[in-house]
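As a plain string of letters, each chain reads:
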Protein chains: 2
Amino acid sequence: MTKPLILVTNDDGVSAPGIRALVEVAQKLGEVVVVAPDQARSGMGHAITLENTLRRTSINYFEGIEAYSCSGTPVDCVKLAVNVFLDRKPDLIISGINHGSNASVNVIYSGTMSAAVEGAMEKIPSLGFSLLDHSIDANFETAKKYAAKIIKETLKRSIPDGICLNVNFPKRGENEIVGIKICRQCHGNWTEEFDVRIDPSGKEYYWLTGVFINYEPEATDTDIWALDNNYISIVPVHCDMTAYSALEKLNNWTL
Amino acid sequence: MTKPLILVTNDDGVSAPGIRALVEVAQKLGEVVVVAPDQARSGMGHAITLENTLRRTSINYFEGIEAYSCSGTPVDCVKLAVNVFLDRKPDLIISGINHGSNASVNVIYSGTMSAAVEGAMEKIPSLGFSLLDHSIDANFETAKKYAAKIIKETLKRSIPDGICLNVNFPKRGENEIVGIKICRQCHGNWTEEFDVRIDPSGKEYYWLTGVFINYEPEATDTDIWALDNNYISIVPVHCDMTAYSALEKLNNWTL
């Protein structure tokens, strides 16, 4: 029997510890090919490279694994892998493990999750994994165990076309994890607090910083609640951004 | 009475004819401030600048209008404008007029629409406008008339929090426009056809190209159908990417 072909990507770049952790999980479950950005491309959302060329480089970074770094965004990596680099359609795309949360609205800013959404758009079962720990030294051991379980179940069950899963792991040891919870995306947003600084030549510049605000702290069916309560959160994500609830109201406008 | 404060942005860059057209519409309806990318940032999706600083430059490009170019993405422009540059919260954010379609899944790749989505996330009524004509010489006259109408109705009615409107204009003269249609995002996708080329030093590189495939050509309630039939399409868009239809199914998984 042919092993499932698993494409691994991320947004922290091909040298991030998180993708190494995910490759270690994936190589026990299938044939693995890595196509990931050649540098950190966090916060790239669903960006694609339209006005520039794309390059790939073969890398020997993962022992015994076919791997490429790519000059583009995470979504570019998926598009190139599926349409040019791979000789058959992957059975699964996994993205991550991201260093930091992609819960709530982070999903829309996240290159990790956008790679998974792109996979779903290509009708390939896709999973994005993120650990709530930004550290370069983050411990991925617990995340790896659960990622393996979720990948196995996905390969067995598949996911409806056009939908991918946003999996977030709390920064907890295995004994502290309460379980896995299927959730919806929490309603919340970042309150921006730009750092305004002056460069050596006297000109102003800005750094984006911010604090996340949960608009519905009482709700117990959201990803943020699950993570705050030591669950692993799984949110099914699709690319239909239509606000169906507003259709009727808009039909009453005078246009 | 204070005039409404209207923030104008885009993704084709501050010097694109499309934003000039939108500024001309907006300045008849309110007090206008422009904050737009200093270069074309098409296809940037919801990208934000995390690993680099942001800069702004005052520009005199629009007569009598306070305007800035910004080194970041369209979403950066909205964040900076709302949180740093403006001394009060805008009453409306308008993005565009984009040179090219943002119907169907283009919404997720589009910097123009991501700026509007970001506005919605900040709970500011936001509209993204796009004309189905990529040309630098595109004729925006018909689009301007209808944009004015839609902006006026938005200022009068407002939009539910967290929702923005994706407005697309067919490439048609005023007499050919059948009307304005409230739609849902069409289910479809791009079939990528990368151009593989060889550079002068013998190395391969890739250009992204592609063809859009409509997965539901029979459906008459989609934005693609509306545009194909000479309607202006309006899709309400939100940032909740949860695939609610999949929640129950996932709860049956063995996790």
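Residues numbered from 1 in each chain as written. Chains lettered and ligands numbered in written order. Predicted model: local features only at pLDDT ≥ 70, side-chain atom pairs only at ≥ 80, totals over all residues.

Draft legend 1. Quick peek at the environment of isoleucine 48 of chain B. Positionally, isoleucine 48 of chain B belongs in the loop between strand 2 (31-37) and strand 3 (56-58). Taking the C-alpha atoms as reference, isoleucine 48 of chain B lies 27 Å from alanine 147 of chain B; in sequence the two are 99 residues apart. In this structure isoleucine 48 of chain B touches Gly43, Tyr109 and Leu208 of chain A together with Thr73, Val75 and Asp76 of chain B, once residues within four positions along its chain are discounted. (Helix = DSSP H or I, 4+ residues; strand = E, 2+ residues; numbered from the N terminus. Contact = placed C-beta atoms within 7 Å.)

Draft legend 2. Structural view of the relation of the copies chain A and chain B. For these two chains of identical sequence, chain A goes onto chain B by a turn of 180 degrees and a shift of 0.0 Å along the axis, with RMSD 0.0 Å. Such values leave the two copies arranged in the relation of a two-fold axis. (Least-squares fit on C-alpha atoms with pLDDT ≥ 70 in both.)

Draft legend 3. Focus on the pairing of strand 2 of chain B. Residues and elements named next belong to chain B. Taken across its 7 residues, strand 2 has 6 buried, putting it largely inside the fold. Judged from the 5 bridges that link them, strand 2 and strand 4 (residues 66-70) form a sheet pairing that is parallel. Looking at the pairing, alanine 36 lines up with serine 69 of strand 4. (Buried ≥ 20, exposed ≤ 12 C-beta atoms within 10 Å, placed from the backbone. Pairing = 2+ DSSP bridges.)

Draft legend 4. Region of interest: the packing of helix 2 (residues 74-85) of chain A against helix 4 (residues 111-121) of chain A. Residue and element names in this part refer to chain A. The geometry of helix 2 relative to helix 4 is characterised by a closest axis approach of 8 Å and an angle of 30 degrees between their N-to-C directions. Classed by the angle they form, the pair helix 2 and helix 4 counts as roughly parallel. Judged by the sense of rotation from one axis to the other, the crossing of helix 2 with helix 4 is right-handed. Listed contacts from helix 4 to Pro74, Val75, Cys77, Val78 and Lys79 of helix 2 are Gly111, Thr112, Ser114, Ala115, Glu118 and Gly119. Taken together, the residues of the contact of helix 2 with helix 4 sort by class into 5 nonpolar, 4 polar and 2 charged. (Axes fitted to C-alpha atoms, helices over the stretch in contact; angles between N-to-C directions. Parallel < 35°, antiparallel > 145°, perpendicular 65-115°, else oblique. Left-handed = near helix turned anticlockwise from the far one by under 90°. Nonpolar A, V, L, I, M, F, W, Y, C, P; charged D, E, K, R; others polar.)

Draft legend 5. Layout of the environment of aspartate 161 of chain A. Residues and elements named next belong to chain A. Tracing the backbone shows aspartate 161 in the loop between helix 5 (141-157) and strand 7 (163-169). Look at aspartate 161 and you get partly exposed, because 14 C-beta atoms sit within 10 Å. Distance from aspartate 161 to proline 125, taken between C-alpha atoms, is 7.5 Å for residues 36 residues apart in sequence.

Draft legend 6. Layout of the interface of chain A and chain B. The interface is formed by 60 residues belonging to chain A together with 60 residues belonging to chain B. If one sorts the elements of the side of chain A that touches chain B by residue count, strand 13 (residues 231-238) of chain A sits on top with 5 residues. Partitioning the side of chain A that touches chain B into residue classes produces 37 nonpolar, 14 polar and 9 charged.

Draft legend 7. Representation of the confidence of the model for chain A. When pLDDT is averaged along chain A, the result is 95, and 100% of the positions lie at 70 or above. Our summary of model confidence lists the complex with pTM equal to 0.95 and ipTM equal to 0.94. (pLDDT = per-residue confidence, 0-100.)

Draft legend 8. Up close: the environment of glycine 119 of chain B. All names here are of chain B. Within the secondary structure, glycine 119 sits in helix 4 (residues 111-121). When the 28 C-beta atoms within 10 Å are taken as the criterion, glycine 119 is described as buried. Distance in space between the C-alpha atoms of glycine 119 and valine 211 is 30 Å, their sequence separation being 92 residues. Ignoring sequence-local partners within four residues, the contact set of glycine 119 consists of Val78, Ile93, Ile124, Ser126 and Cys164.

Draft legend 9. Representation of the sheet that holds strand 5 (residues 92-99) of chain B in the model. Residue and element names in this part refer to chain B. With mixed pairing, 9 strands are arranged side by side in an open sheet as 3-4-2-1-5-6-7-13-8. For this open sheet the edge positions go to strand 3 and strand 8 (179-182), each flanked by a neighbour on one side alone. Neighbour to neighbour, the strand axes of the sheet diverge by 20 degrees on average, direction disregarded. Pairing of strand 6 (residues 126-131) with strand 7 (residues 163-169), which is carried by 5 bridges, proceeds in the parallel orientation. Following the sheet pairing, phenylalanine 129 is matched in strand 7 by valine 167. Each of strand 1 (5-9), strand 2, strand 3, strand 4 and strand 5 is contacted by helix 2 (residues 74-85), which is oriented at about 135 degrees to strand 2, the strand it contacts most.

Draft legend 10. Local environment of the sheet that holds strand 1 (residues 5-9) of chain A. All names here are of chain A. The strand order across the open sheet built from 9 strands is 3-4-2-1-5-6-7-13-8, with neighbouring strands paired in mixed fashion. On the outer flanks of this sheet lie strand 3 (56-59) and strand 8 (179-182), each paired with one strand and no other. Adjacent strand axes in the sheet meet at a mean angle of 25 degrees when their direction is disregarded. Lying on the sheet, helix 2 is in contact with strand 1, strand 2 (31-37), strand 3, strand 4 (66-70) and strand 5 (92-99); it crosses strand 2 at an angle near 135 degrees.

Draft legend 11. Inspection of the packing of helix 1 (residues 17-26) of chain B against helix 5 (residues 141-157) of chain B at higher detail. All names here are of chain B. Across the interface, helix 1 lies against helix 5 with an axial gap of 10 Å and an inter-helix angle of 45 degrees. Comparing the axis directions of helix 1 and helix 5 gives the class oblique. The way helix 1 lies across helix 5 gives a crossing that is right-handed. Seen from helix 1, the contacting residues are Ala21, Leu22, Glu24 and Val25; seen from helix 5, they are Ala143, Lys144, Ala147, Ala148 and Ile151. Classifying every residue of the contact of helix 1 with helix 5 by side-chain character gives 7 nonpolar, no polar and 2 charged.

Draft legend 12. Up close: unusual backbone geometry. Glycine 96 of chain A connects to isoleucine 97 of chain A through a cis peptide bond whose omega is -10 degrees. Although it is not a glycine, serine 104 of chain A sits at a positive phi angle of roughly 50 degrees. As for its placement among the helices and strands, serine 104 of chain A is situated in the loop between strand 5 and helix 3 (106-109). On the basis of neighbour counts, which here come to 29 C-beta atoms within 10 Å, the residue serine 104 of chain A falls in the buried class. For lysine 123 of chain B, which is not a glycine, the phi torsion comes out positive at approximately 60 degrees. Here lysine 123 of chain B lies in the loop between helix 4 and strand 6.

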